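Chain by chain, the residues run as shown.
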Amino acid sequence: MDYQNCLKALREKTIIKMEGNLKTLIKPVPEIDRPGVPDPRAAHWFRSLPKAYQMKDPSQPTNEDIQILRDAMGCQNTDLSYGVKTNSMLVSTEAGDVPVFIYTPQVHQAAPLICYIHGGGFFGGSTAVVENACKLLAERSGAVVISIDYGLAPEFRFPINLFQCWGVVCWARDHAQELGIDNKKIAVSGDSAGGNLSLGCCLLDQEHLIKAQLLLYPAIVMNPDIDYGWTWDAYEMKEDQDAVLLMVHDLMDSIGTASQIYPQTKADLFNQLLSPWQAADYAHFPTTFLAVGEYDYLKQEAQIFCGKLAQSGVSTHLCYYKGMGHAFFEHTGEFPQAEDCTDEMAKILRSLS
(Lines give C-alpha, C1' and ligand atoms only; values in the text may rest on other atoms or scores of the structure.)
Protein backbone atom coordinates (compact mmCIF):
# COMPACT_ATOMS: atom_id res chain seq x y z
CA MET A 1 0.00 0.00 0.00
CA ASP A 2 1.49 3.37 -1.00
CA TYR A 3 1.83 6.37 1.32
CA GLN A 4 -1.36 8.17 0.27
CA ASN A 5 -3.49 5.04 0.58
CA CYS A 6 -2.01 4.38 4.01
CA LEU A 7 -2.94 7.92 5.01
CA LYS A 8 -6.45 7.38 3.67
CA ALA A 9 -6.81 4.15 5.68
CA LEU A 10 -5.70 5.88 8.87
CA ARG A 11 -8.39 8.52 8.35
CA GLU A 12 -11.22 6.26 7.24
CA LYS A 13 -10.69 3.25 9.52
CA THR A 14 -10.37 5.14 12.80
CA ILE A 15 -12.40 3.58 15.62
CA ILE A 16 -13.79 6.11 18.10
CA LYS A 17 -14.65 5.20 21.70
CA MET A 18 -16.22 7.57 24.23
CA GLU A 19 -16.05 7.09 27.99
CA GLY A 20 -17.09 10.18 29.93
CA ASN A 21 -14.60 12.95 29.21
CA LEU A 22 -12.21 10.52 27.49
CA LYS A 23 -12.37 10.20 23.71
CA THR A 24 -10.15 7.47 22.30
CA LEU A 25 -9.21 7.32 18.62
CA ILE A 26 -7.83 3.92 17.64
CA LYS A 27 -5.78 4.10 14.45
CA PRO A 28 -5.09 0.91 12.46
CA VAL A 29 -1.95 -0.44 10.88
CA PRO A 30 -3.02 0.75 7.42
CA GLU A 31 -2.50 -2.42 5.39
CA ILE A 32 -2.94 -5.04 8.14
CA ASP A 33 -6.21 -5.99 9.85
CA ARG A 34 -4.71 -8.64 12.13
CA PRO A 35 -4.10 -7.74 15.80
CA GLY A 36 -0.71 -7.92 17.47
CA VAL A 37 1.33 -6.95 14.39
CA PRO A 38 3.84 -4.06 14.18
CA ASP A 39 3.57 -1.51 11.39
CA PRO A 40 6.04 -2.63 8.68
CA ARG A 41 7.59 0.85 8.32
CA ALA A 42 8.19 1.14 12.05
CA ALA A 43 9.51 -2.43 12.25
CA HIS A 44 11.98 -1.68 9.45
CA TRP A 45 13.13 1.51 11.18
CA PHE A 46 13.79 -0.15 14.53
CA ARG A 47 15.62 -3.04 12.86
CA SER A 48 17.87 -0.55 11.05
CA LEU A 49 19.00 1.19 14.23
CA PRO A 50 22.55 0.45 15.40
CA LYS A 51 22.98 -1.58 18.53
CA ALA A 52 22.29 0.52 21.62
CA TYR A 53 25.37 2.10 23.17
CA GLN A 54 26.38 0.52 26.46
CA MET A 55 27.82 2.87 29.08
CA LYS A 56 30.50 1.54 31.42
CA ASP A 57 28.62 2.89 34.42
CA PRO A 58 24.99 3.89 33.69
CA SER A 59 24.69 5.41 37.17
CA GLN A 60 27.46 7.92 36.34
CA PRO A 61 27.29 8.88 32.64
CA THR A 62 30.36 10.70 31.37
CA ASN A 63 30.37 13.64 28.96
CA GLU A 64 31.57 11.21 26.27
CA ASP A 65 28.66 8.87 27.02
CA ILE A 66 26.15 11.70 26.71
CA GLN A 67 27.59 12.97 23.43
CA ILE A 68 27.46 9.46 21.91
CA LEU A 69 23.82 9.14 22.97
CA ARG A 70 23.01 12.59 21.55
CA ASP A 71 24.66 11.78 18.22
CA ALA A 72 22.54 8.64 17.85
CA MET A 73 19.23 10.54 18.11
CA GLY A 74 17.04 11.82 15.30
CA CYS A 75 15.93 10.60 11.90
CA GLN A 76 15.50 11.69 8.30
CA ASN A 77 12.19 13.33 7.42
CA THR A 78 10.55 15.42 4.72
CA ASP A 79 9.11 18.91 4.53
CA LEU A 80 5.47 18.45 3.48
CA SER A 81 4.46 22.03 4.29
CA TYR A 82 3.72 24.86 1.91
CA GLY A 83 4.06 28.60 2.42
CA VAL A 84 5.37 28.50 6.00
CA LYS A 85 7.86 31.25 6.90
CA THR A 86 10.75 30.48 9.23
CA ASN A 87 12.42 32.96 11.57
CA SER A 88 14.80 32.54 14.48
CA MET A 89 15.56 34.70 17.47
CA LEU A 90 16.78 34.70 21.05
CA VAL A 91 14.14 35.03 23.77
CA SER A 92 15.18 36.43 27.15
CA THR A 93 13.67 34.59 30.13
CA GLU A 94 14.37 34.58 33.85
CA ALA A 95 16.08 31.20 33.31
CA GLY A 96 18.40 32.57 30.60
CA ASP A 97 18.32 33.37 26.91
CA VAL A 98 16.58 30.72 24.82
CA PRO A 99 16.94 30.29 21.03
CA VAL A 100 13.61 29.71 19.27
CA PHE A 101 12.46 29.01 15.74
CA ILE A 102 9.17 30.59 14.68
CA TYR A 103 7.09 28.97 11.93
CA THR A 104 4.34 31.21 10.57
CA PRO A 105 1.70 29.90 8.14
CA GLN A 106 -0.15 31.95 5.53
CA VAL A 107 -2.96 33.45 7.64
CA HIS A 108 -4.80 36.76 7.44
CA GLN A 109 -5.85 37.17 11.07
CA ALA A 110 -4.47 36.63 14.55
CA ALA A 111 -3.51 32.96 14.69
CA PRO A 112 -3.43 30.44 17.53
CA LEU A 113 -0.01 29.70 18.99
CA ILE A 114 1.68 26.38 19.65
CA CYS A 115 4.83 26.37 21.77
CA TYR A 116 6.56 23.14 20.72
CA ILE A 117 9.13 21.41 22.95
CA HIS A 118 11.29 18.70 21.39
CA GLY A 119 12.13 15.37 23.01
CA GLY A 120 15.41 13.58 23.60
CA GLY A 121 15.49 12.43 27.21
CA PHE A 122 16.17 15.99 28.47
CA PHE A 123 19.81 15.55 27.42
CA GLY A 124 19.49 15.22 23.63
CA GLY A 125 17.29 15.95 20.66
CA SER A 126 17.08 19.23 18.81
CA THR A 127 14.78 21.71 17.10
CA ALA A 128 16.32 20.61 13.78
CA VAL A 129 14.91 17.08 14.08
CA VAL A 130 11.34 18.35 14.50
CA GLU A 131 11.56 21.31 12.12
CA ASN A 132 9.58 19.65 9.33
CA ALA A 133 7.03 18.33 11.83
CA CYS A 134 6.57 21.84 13.25
CA LYS A 135 6.24 23.42 9.81
CA LEU A 136 3.54 20.94 8.79
CA LEU A 137 1.76 21.47 12.11
CA ALA A 138 1.80 25.23 11.49
CA GLU A 139 0.31 24.85 8.01
CA ARG A 140 -2.36 22.28 8.92
CA SER A 141 -3.49 24.05 12.11
CA GLY A 142 -3.17 27.64 10.89
CA ALA A 143 -1.18 28.31 14.07
CA VAL A 144 2.13 30.01 14.62
CA VAL A 145 4.52 27.39 16.02
CA ILE A 146 7.43 28.39 18.25
CA SER A 147 9.97 25.58 18.59
CA ILE A 148 11.98 25.99 21.79
CA ASP A 149 15.70 25.17 21.87
CA TYR A 150 15.92 24.79 25.65
CA GLY A 151 19.16 23.96 27.46
CA LEU A 152 20.03 20.27 27.74
CA ALA A 153 21.14 18.28 30.75
CA PRO A 154 23.57 17.82 32.35
CA GLU A 155 24.68 21.37 31.50
CA PHE A 156 21.12 22.54 32.28
CA ARG A 157 19.29 20.42 34.82
CA PHE A 158 15.76 20.50 36.24
CA PRO A 159 14.07 22.91 36.70
CA ILE A 160 16.08 25.35 34.54
CA ASN A 161 14.93 23.98 31.20
CA LEU A 162 11.29 23.85 32.35
CA PHE A 163 11.47 27.51 33.42
CA GLN A 164 13.03 28.34 30.06
CA CYS A 165 10.08 26.75 28.24
CA TRP A 166 7.53 28.44 30.50
CA GLY A 167 9.36 31.73 30.03
CA VAL A 168 8.97 31.43 26.25
CA VAL A 169 5.22 30.78 26.64
CA CYS A 170 4.86 33.91 28.77
CA TRP A 171 7.05 35.93 26.37
CA ALA A 172 4.84 34.91 23.45
CA ARG A 173 1.73 35.97 25.38
CA ASP A 174 3.29 39.39 25.96
CA HIS A 175 4.39 39.78 22.31
CA ALA A 176 1.20 38.58 20.68
CA GLN A 177 0.81 41.52 18.32
CA GLU A 178 4.27 41.31 16.78
CA LEU A 179 3.96 37.52 16.48
CA GLY A 180 0.54 37.83 14.86
CA ILE A 181 -1.10 35.52 17.40
CA ASP A 182 -4.26 35.44 19.46
CA ASN A 183 -2.99 35.17 23.03
CA LYS A 184 -6.30 33.65 24.10
CA LYS A 185 -5.52 30.59 21.94
CA ILE A 186 -2.19 29.35 23.25
CA ALA A 187 -1.24 25.67 23.30
CA VAL A 188 1.84 23.76 24.38
CA SER A 189 3.05 20.64 22.65
CA GLY A 190 5.96 18.26 22.88
CA ASP A 191 7.21 14.75 22.26
CA SER A 192 8.57 12.41 24.95
CA ALA A 193 10.69 14.61 27.27
CA GLY A 194 9.09 17.61 25.54
CA GLY A 195 5.70 16.24 26.52
CA ASN A 196 6.90 16.14 30.11
CA LEU A 197 8.00 19.78 29.86
CA SER A 198 4.63 20.69 28.32
CA LEU A 199 2.89 19.10 31.30
CA GLY A 200 5.22 21.05 33.58
CA CYS A 201 4.18 24.28 31.86
CA CYS A 202 0.52 23.44 32.49
CA LEU A 203 1.27 22.78 36.16
CA LEU A 204 2.99 26.18 36.38
CA ASP A 205 0.12 27.93 34.61
CA GLN A 206 -1.97 29.54 37.33
CA GLU A 207 -3.52 32.06 34.92
CA HIS A 208 -5.14 29.48 32.61
CA LEU A 209 -3.05 30.94 29.83
CA ILE A 210 -2.70 27.56 28.09
CA LYS A 211 -5.90 26.44 26.38
CA ALA A 212 -4.71 23.07 25.04
CA GLN A 213 -1.82 20.67 25.44
CA LEU A 214 -0.84 18.38 22.57
CA LEU A 215 1.24 15.58 24.01
CA LEU A 216 3.17 13.00 21.99
CA TYR A 217 4.10 9.90 24.02
CA PRO A 218 5.06 12.08 27.02
CA ALA A 219 7.31 10.98 29.87
CA ILE A 220 4.88 11.22 32.80
CA VAL A 221 6.39 8.94 35.45
CA MET A 222 9.94 10.12 36.03
CA ASN A 223 10.37 8.63 39.50
CA PRO A 224 11.63 5.04 39.04
CA ASP A 225 10.30 4.13 42.49
CA ILE A 226 6.69 4.60 41.34
CA ASP A 227 4.96 1.33 40.53
CA TYR A 228 1.98 2.07 38.30
CA GLY A 229 1.52 -1.52 37.20
CA TRP A 230 3.61 -1.72 34.02
CA THR A 231 3.41 -5.22 32.54
CA TRP A 232 4.48 -7.10 29.42
CA ASP A 233 0.93 -8.47 29.30
CA ALA A 234 -0.19 -5.11 27.88
CA TYR A 235 1.61 -5.85 24.61
CA GLU A 236 -0.07 -8.17 22.13
CA MET A 237 2.63 -9.89 20.07
CA LYS A 238 1.26 -12.35 17.54
CA GLU A 239 3.64 -11.73 14.63
CA ASP A 240 7.11 -10.27 14.13
CA GLN A 241 7.89 -10.48 17.83
CA ASP A 242 11.54 -9.56 17.39
CA ALA A 243 10.53 -6.17 15.98
CA VAL A 244 8.01 -5.61 18.77
CA LEU A 245 10.64 -6.35 21.41
CA LEU A 246 13.02 -3.90 19.74
CA MET A 247 10.32 -1.22 19.85
CA VAL A 248 9.51 -1.66 23.54
CA HIS A 249 13.13 -2.07 24.62
CA ASP A 250 14.22 1.00 22.63
CA LEU A 251 13.04 3.28 25.42
CA MET A 252 12.78 0.75 28.22
CA ASP A 253 16.55 0.20 28.23
CA SER A 254 17.47 3.89 28.20
CA ILE A 255 14.84 5.65 30.27
CA GLY A 256 16.90 5.33 33.44
CA THR A 257 19.58 7.56 31.89
CA ALA A 258 17.25 10.55 32.01
CA SER A 259 16.50 10.05 35.71
CA GLN A 260 20.26 10.01 36.35
CA ILE A 261 21.20 13.01 34.22
CA TYR A 262 18.24 15.40 34.46
CA PRO A 263 17.44 15.97 38.18
CA GLN A 264 19.76 18.04 40.32
CA THR A 265 19.00 15.93 43.39
CA LYS A 266 17.16 12.68 44.09
CA ALA A 267 14.47 14.72 45.85
CA ASP A 268 13.59 16.27 42.46
CA LEU A 269 12.16 12.91 41.39
CA PHE A 270 9.32 13.50 43.88
CA ASN A 271 8.51 16.95 42.45
CA GLN A 272 5.31 17.04 40.42
CA LEU A 273 6.95 19.43 37.96
CA LEU A 274 9.42 16.69 37.08
CA SER A 275 7.10 13.72 37.49
CA PRO A 276 3.59 14.99 36.59
CA TRP A 277 2.09 11.64 37.57
CA GLN A 278 2.49 12.81 41.18
CA ALA A 279 0.42 15.99 40.81
CA ALA A 280 -2.35 16.22 43.40
CA ASP A 281 -4.90 17.68 41.01
CA TYR A 282 -5.44 17.98 37.26
CA ALA A 283 -8.79 19.75 37.27
CA HIS A 284 -7.25 23.02 36.03
CA PHE A 285 -5.60 21.34 33.04
CA PRO A 286 -6.67 22.49 29.58
CA THR A 287 -8.09 20.34 26.80
CA THR A 288 -5.58 17.52 26.31
CA PHE A 289 -4.61 15.52 23.24
CA LEU A 290 -2.23 12.61 23.76
CA ALA A 291 -0.88 10.31 21.03
CA VAL A 292 0.99 7.09 21.74
CA GLY A 293 2.00 3.95 19.87
CA GLU A 294 0.88 0.42 20.68
CA TYR A 295 4.46 -0.76 21.23
CA ASP A 296 5.82 2.27 23.07
CA TYR A 297 7.24 1.58 26.52
CA LEU A 298 5.39 4.71 27.71
CA LYS A 299 2.02 3.46 26.45
CA GLN A 300 0.70 2.16 29.75
CA GLU A 301 1.40 5.27 31.80
CA ALA A 302 -0.11 7.36 29.00
CA GLN A 303 -3.35 5.36 28.96
CA ILE A 304 -3.73 5.42 32.74
CA PHE A 305 -2.88 9.12 32.85
CA CYS A 306 -5.55 9.94 30.27
CA GLY A 307 -8.06 8.16 32.48
CA LYS A 308 -6.94 10.26 35.46
CA LEU A 309 -7.35 13.47 33.45
CA ALA A 310 -10.81 12.49 32.24
CA GLN A 311 -11.89 11.61 35.78
CA SER A 312 -10.75 15.10 36.84
CA GLY A 313 -13.12 16.61 34.30
CA VAL A 314 -10.52 17.43 31.65
CA SER A 315 -11.62 17.05 28.02
CA THR A 316 -9.15 14.35 26.97
CA HIS A 317 -8.42 12.90 23.53
CA LEU A 318 -6.26 9.75 23.40
CA CYS A 319 -4.97 8.87 19.92
CA TYR A 320 -3.73 5.28 19.90
CA TYR A 321 -1.64 4.17 16.91
CA LYS A 322 -1.63 0.41 16.52
CA GLY A 323 1.64 -1.14 15.45
CA MET A 324 3.77 1.93 16.26
CA GLY A 325 6.65 2.44 18.68
CA HIS A 326 8.18 5.53 20.28
CA ALA A 327 9.08 8.77 18.47
CA PHE A 328 7.00 8.23 15.31
CA PHE A 329 5.90 11.89 15.07
CA GLU A 330 9.30 13.12 13.89
CA HIS A 331 9.17 10.81 10.84
CA THR A 332 7.23 13.36 8.76
CA GLY A 333 6.78 12.16 5.19
CA GLU A 334 8.10 8.68 6.03
CA PHE A 335 5.48 7.33 8.44
CA PRO A 336 1.92 8.23 7.36
CA GLN A 337 1.02 8.11 11.07
CA ALA A 338 3.12 11.25 11.60
CA GLU A 339 1.07 13.24 9.09
CA ASP A 340 -2.20 11.77 10.37
CA CYS A 341 -1.27 12.72 13.94
CA THR A 342 -0.47 16.25 12.77
CA ASP A 343 -3.96 16.48 11.28
CA GLU A 344 -5.56 15.24 14.51
CA MET A 345 -3.62 17.84 16.52
CA ALA A 346 -4.70 20.54 14.07
CA LYS A 347 -8.34 19.61 14.66
CA ILE A 348 -7.91 20.28 18.38
CA LEU A 349 -6.36 23.69 17.67
CA ARG A 350 -9.10 24.67 15.26
CA SER A 351 -11.73 23.73 17.84
CA LEU A 352 -10.46 26.28 20.39
CA SER A 353 -13.08 28.97 20.96
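Whenever I open this one, helix α4 (residues 131–141) confuses me. Can you help?
Every α-helical turn comprises 3.6 residues, leaving residues that sit three or four positions apart pointing alike. In terms of burial, α4 is largely enclosed, as eight of its 11 residues are buried. Looking only at α4, the buried set comprises N132, A133, C134, K135, L136, L137, A138 and S141. On its buried face, α4 sits against β3 (85–93), β4 (96–104), β5 (111–117), β6 (144–148) and α11 (336–350). Phi for G142, located one or two positions after α4, is positive at around 70°.

What am I meant to see in unusual backbone geometry here?
Of all residues except glycine, most have a negative phi; of all peptide bonds, most are trans. Along the chain, A153 connects to P154 via a cis peptide bond; the corresponding omega equals 5°. Mapped onto the fold, P154 is located in the loop between β6 and α5 (160–174). For the bond from F158 to P159, the omega torsion is 5°, close enough to zero to count as cis. Of note, P159 is situated in the loop between β6 and α5. Its identity as a non-glycine residue notwithstanding, F122 has a phi of 75°, on the positive side. Relative to the helices and strands, F122 resides in the loop between β5 and α4. Under the relative-accessibility criterion, F122 is labelled buried at 1%. If you check the backbone angles, Y217 has positive phi at about 35° while not being a glycine. You can call Y217 buried: its relative accessible area is 1%.

Rules used in this analysis
By convention here, each chain's residues receive numbers from 1 onward along its written sequence. Residue-level local features of this predicted model are given only where pLDDT is at least 70; pairs of side-chain atoms are given and counted only at 80 or more, and the full residue set underlies all totals for whole chains, interfaces and linings. The basis for the side-chain values is all heavy atoms of the structure; hydrogens and waters are excluded. Whether a residue is buried, partly exposed or exposed follows from its accessible area with a 1.4 Å probe, protein chains only, as a fraction of its type maximum: under 20%, in between, or over 50%, in that order. Per the convention used, a helix needs a DSSP run of H or I reaching at least four residues, while a strand needs a run of E reaching at least two, with both numbered from the N terminus. Contact definition: two residues touch when any of their heavy atoms are within 4.5 Å.

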